[in-house]
Amino acid sequence: MRLEPRLETPWILWLAAPLAAVGASLLIAALLVLWSGADPFGVFGLVIKGAVGTQFALFETLTRATPLIFTGLAAAVAFRARLWNIGGEAQLYGGAIMAAVLGTGLLPLPSPILIPILLVAGALAGALLLLGPTLMKTRFGVDEVVTTLLLNFIILLLVSFLLEGPLKDPMGMGWPQSKKVIEAAQLPKLVQGKRLHLGFLLALVMAGFVWFINSRTIHGYEMRAVGFNARAARFAGMKVDLVMVKVALLSGGLAALAGVSEVIGLKGNLTLDLSPGFGYAGIVVAMLAMLHPLGVVAAAIFVAAMFVGADAMSRQAGVPNYIAHVMVATALLTMVVGMLFTRFRLKWR
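In this report, the structure presented in the accompanying data block is examined. A quick note: this is a predicted structure, and the numbers were derived from the prediction, not measured.

### Topic: the environment of Thr-334
- Within the element layout of this structure, Thr-334 appears in helix α13 (residues 323-343).
- Note: C-alpha distance between Thr-334 and Phe-140 (194 residues apart in sequence) is 34 Å.
- In this structure Thr-334 touches Ala-21 and Ala-24, once residues within four positions along its chain are discounted.

Next comes the structure, spelled out in structure tokens:
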């Protein structure tokens, strides 16, 4: 038995891979629910109801999906060019730091000016955080998986230092948090009385923007070419190192927008627990979407629905909400296997 590359992948396989991954994760989760002594159909029904069963639940799911769209796009952009960006968490916090520094009164400007400045400044911070590991990869051959992963912990320690020092809120009663961003820096809510904010629409716009770059621009063609075969792309005259730098700037900036939107759209300040792992979950989102930017939106909403629905379900059924983490993790593993068989077929001798 051996793996043989496919000359052409049928469209049905591209569709079946994510569906099979989701189905396999649901099956594994059902077995775990049975093991806990609960009814899988009842539990999954509660998950669906908790995620989209009411207007409040639906808006909460979309709110949770907002940072996942940004980090999913960041991973999709980088992975397509075979830049293995595992530092989405660091880039997210880099954007959040800039929002907390500039949005708490340092720039007393009206909202139409201040909010774009915060978004751009945050994106630049995230872009620079990924630029360093990318230059180390292109110049010295340093593995970017290691550098971007370790950068996550470095930035978290930096955030902890800032929240206990320069950025600590003097009115925070000792809690490690920054001051609240001023009203002019806050993203408007899309629905009165709900937490869903303008960041969600911005995430959708960025998904369309990335799709346009990938499918309609020379830069998108170069990213795909470098991802397929960097040596062949260099032989064809492409400046591979420059392409990787552009990919790094775009990917890091997208991940940072997740942090900016969480600070100025939802939380209102910077805290050490701002992200429960959005940077890592973005990798799952990108893989479930098969690196397609529009598919990232659907995958992010699915993953967000699992987490929001599981939280609601655990309060009613007594099943731990960690079942959502199991489903997301198994979906990633099964998706990797599915993507393998979209590119290769089994050949028996």
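### Details of the pattern of salt bridges
- Overall, the coordinates contain five salt bridges when judged by the stated rule.
- For the salt bridge of Lys-168 with Glu-164, the shortest nitrogen-to-oxygen distance reads 3.7 Å.
- By relative accessible area, which is 48% here, Glu-164 ends up partly exposed.
- Residue Asp-241 is joined to Arg-234 by a salt bridge in which the shortest nitrogen-to-oxygen separation is 3.6 Å.

### With respect to the side chain of Thr-71
- With respect to the helices, strands and loops of the structure, Thr-71 is situated in helix α3 (residues 55-80).
- Setting aside its immediate chain neighbours within four residues, Thr-71 contacts Leu-92, Ala-258, Phe-278, Gly-279 and Gly-282.

### A closer look at the nonpolar core
- If you look at the biggest cluster of nonpolar residues, it comprises 104 residues, and the most contacted ones within it are Ile-264 and Leu-270.
- Dropping the residues within four chain positions of it, Leu-270 is found in contact with Tyr-93, Ala-96, Ile-97, Ala-100, Val-159, Leu-163, Leu-167, Gln-177 and Ser-178.

### As for empty space enclosed by the protein
- Counted under the stated rule, the structure contains two cavities of 30 Å³ or more.
- For the largest cavity, the calculated volume is near 40 Å³.
- Thr-71, Ala-74, Ala-75, Asn-85, Gly-88, Ala-255, Gly-279 and Ile-283 are the residues that line the largest cavity.
- Of all elements in the fold, only α3 and α11 (278-288) reach the threshold of two or more residues within the lining of the largest cavity.
- Top contributing element to the lining of the largest cavity by residue count: α3, with three residues.
- Looking at the lining of the largest cavity, its residues break down into four nonpolar, four polar and no charged.
- Put simply, the second largest cavity is a space of about 30 Å³.
- Lining the second largest cavity are Leu-73, Ala-76, Val-77, Arg-80, Val-210, Asn-214, Leu-291 and Pro-293.
- Secondary-structure elements contributing two or more residues to the lining of the second largest cavity are α3 and α7 (198-216).
- Considering every element that reaches the lining of the second largest cavity, the biggest residue donor is α3, with four residues.

### Here's the deal with the packing of helix α8 (residues 218-228) against helix α10 (residues 240-267)
- Look at α8 against α10: their axes get within 10 Å of each other, and the N-to-C directions meet at 110°. In terms of axis orientation, α8 runs roughly perpendicular to α10. Touching His-219, Glu-222, Met-223 and Val-226 of α8 are Val-240, Val-243, Met-244, Lys-246 and Val-247, all from α10.
- Classifying every residue of the contact of α8 with α10 by side-chain character gives six nonpolar, one polar and two charged.

Cut-offs used in this document
- Residues numbered from 1 in each chain as written.
- Predicted model: local features only at pLDDT ≥ 70, side-chain atom pairs only at ≥ 80, totals over all residues.
- Heavy atoms only, no water.
- Helix = DSSP H or I, 4+ residues; strand = E, 2+ residues; numbered from the N terminus.
- Contact = heavy atoms within 4.5 Å.
- Salt bridge = Lys/Arg side-chain N within 4 Å of Asp/Glu carboxyl O.
- Buried < 20%, exposed > 50% of the residue type's maximum accessible area, 1.4 Å probe, protein only.
- Core = buried A, V, L, I, M, F, W, Y, C linked by side-chain atoms within 4.5 Å.
- 1 Å grid on protein atoms, 1.4 Å probe; cavity = no way out; pocket = protein on both sides within 12 Å on 5 of 7 lines; lining within 4 Å.
- Points joined across faces, edges and corners; volume = space filled by probe spheres on them.
- Nonpolar A, V, L, I, M, F, W, Y, C, P; charged D, E, K, R; others polar.
- Axes fitted to C-alpha atoms, helices over the stretch in contact; angles between N-to-C directions.
- Parallel < 35°, antiparallel > 145°, perpendicular 65-115°, else oblique.

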